[in-house]
Amino acid sequence: DPDTLILPVYMRERKVRQNPSYNYNNVSTVLFGTPLLVPIPRKNTTYEDLYRIMLQKMSRYIQEPDSGDEWYVEEIKNCVKDGVIGDDDMKNDNIDGEAESEEDSQGNDSLMNDNSMSDDDVNCDNRPHRMFTFHLVNSYGSAEIEHIRDDDRPIKFTNRSYLALDWDPKAKEKYYDEKQAEELDVDETVNATPMRKRQVISLKDCIQLFLVKEKLGADDPWYCPRCKKHQQATKKFDLWSLPKILVIHLKRFSYNRYWRDKLDTMVEFPTRDLDMSEFIINDGHGYATYDLIGVSNHYGGMGGGHYTAYGKSREDGQWYYYDDSSVSPASEDQCVSKAAYVLFYELKGSRCERSEKQTAQANRKSAAATQSSANCTDCDNGTTSSGEDDSMEIN
């Protein structure tokens, strides 16, 4: 849904350490609980809206304070006595974990001026008494990037935003049920061990999906030359003309915002008679049936791997397996495996045409050589006596 943003959310607890030597409080945060993925409206989400969404998401294991429950009174007294605790001091947090990566910092720079909190916003008495506050953090939840201002203005998020819920210690102790938060409703199918079905996709299904019309995402707009605006356009690939050698690259590596992975799904592809005519929009294209002549394989994952290949010999028509400097005979059926990465097809009949052309060229060369040899023979036969006479005359 282009109107919805999936927001990663971390739980953190504020820790206040008093330093009597320097007469100030050191505020830090500690991660706890399980991170959440929370869908929120991409636009027009205020602080109050976000707060209510989070309460709803955690309703199974948190309890909202009653209107008359003044759990925060002691905190306000400390705030007045010792100075503001939390918002500005949070900018100097010492947080356990990894430092903010450069990528996360760049992804949230554009939000600083819109969501950040100024010194004028610090007011203990007028601030809503919330159980937790919001901060933009790095992808590990360990380093704070920005404090989000508690007002009625819409909060601006990007696809690279990570949110932290910084819980007040008293609120966490009183209203957050850690035991209930860790409990899960385990369905009976989780412990069952059914026979796993082998997931198989056909090559034609992949080609068909490749040709389906696709709508560009909200973060990948297209500039329309007519209205002079960026729009969520659609794109579509069509096949008009195919070559004699057809190379098909299977998408074996997948990555998005949250994870990267190697795809080992079995793709079944024909070794003979791959008919591509049904995918060609050119009615006058003609014959488009292919035979497999080679396969490039990849073994391994995202961090590294190994390449091998199957190839069909043009000399004897047999299949061979190539692994670095090793070459061994193979069968046609061995070529089809979940390691297949790049497929090489040849237009059916083109190899025969080449063989016929090569044979014709060889015959012409042979005929020319025979003719040349015959001429020489005729010349020798016809001029032997005269040659001898010439040589004799010369002598």
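Summary of the structure given here.

Cut-offs applied
- Residues numbered from 1 in each chain as written.
- Predicted model: local features only at pLDDT ≥ 70, side-chain atom pairs only at ≥ 80, totals over all residues.
- Heavy atoms only, no water.
- Salt bridge = Lys/Arg side-chain N within 4 Å of Asp/Glu carboxyl O.
- Helix = DSSP H or I, 4+ residues; strand = E, 2+ residues; numbered from the N terminus.
- Buried < 20%, exposed > 50% of the residue type's maximum accessible area, 1.4 Å probe, protein only.
- Contact = heavy atoms within 4.5 Å.
- Core = buried A, V, L, I, M, F, W, Y, C linked by side-chain atoms within 4.5 Å.
- Polar contact = N/O pair within 3.5 Å; in protein donor to acceptor, adjacent residues only side chain to side chain.
- Phe/Tyr/Trp six-rings, centres within 6.5 Å; stacked < 30°, edge-to-face > 60°.

Concerning the pattern of salt bridges
Part 1: This structure, assessed with the given rule, holds 20 salt bridges.
Part 2: The partner of Glu144 in a salt bridge is Arg12, and the shortest N-O contact between them spans 4.0 Å. Of this pair, Glu144 sits in strand β4 (residues 144-147) while Arg12 sits in strand β1 (residues 4-19), placing them 132 residues apart in sequence.
Part 3: Classification of Glu144 by relative accessible area gives buried; the value is 18%.

A closer look at the environment of Val200
Part 1: Secondary-structure assignment places Val200 in strand β6 (residues 200-202).
Part 2: Other than its neighbours up to four places away in sequence, Val200 contacts Met266 and Glu268.

So, the nonpolar core
Part 1: Counting 30 residues, the largest nonpolar core has Leu163 and Trp167 as the members making the most contacts within it.
Part 2: Breaking this core down by element, the ones donating at least two residues are β1, β2 (24-41), α1 (47-57), β3 (132-137), β5 (162-167) and α5 (169-175).
Part 3: For this core, the leading source of residues is α1, giving 5 residues.
Part 4: Among all residues touching Leu163, those that are not within four sequence positions of it are Leu7, Pro8, Val9, Tyr10, Leu50, Met54, Phe134, His135, Leu136, Val137, Ile148 and Phe157.
Part 5: Listed in part, the 27 residues of the second largest apolar core include Val295, Tyr310, Trp319 and Ala340.

Focus: the side chain of Thr45
Part 1: Relative to the helices and strands, Thr45 resides in the loop between β2 and α1.
Part 2: A relative accessible area of 2% places Thr45 in the buried class.
Part 3: Separated by 3.0 Å, the side chain of Thr45 and the backbone oxygen of Pro41 make a polar contact.
Part 4: Ignoring anything within four residues of it in the chain, the contact list for Thr45 reads Leu50, Arg153, Pro154 and Ile155.

Here's the deal with the packing of aromatic side chains
Part 1: For the structure on display, the rule yields 12 aromatic pairs.
Part 2: Geometrically, the ring pair formed by Phe210 and Phe237 is stacked, given 4.9 Å between the ring centres and 5° between the ring planes. Here Phe210 is found in helix α8 (residues 203-210), whereas its partner Phe237 is found in the loop between β10 (234-235) and β11 (245-249), with 27 residues between them in sequence.
Part 3: Taking the relative accessible area as the measure of exposure, Phe210 reaches 46% and is therefore partly exposed.
Part 4: Take Phe237: its relative accessible area is 43%, and that puts it in the partly exposed class.
Part 5: Summarising the aromatic geometry, the rings of Tyr310 and Tyr321 are spaced 4.8 Å apart at their centres and angled 45° between planes, so their arrangement reads as tilted. Placement of Tyr310 in strand β17 (residues 305-312) and of Tyr321 in strand β18 (residues 319-323) is noted, with a sequence separation of 11 residues between them.

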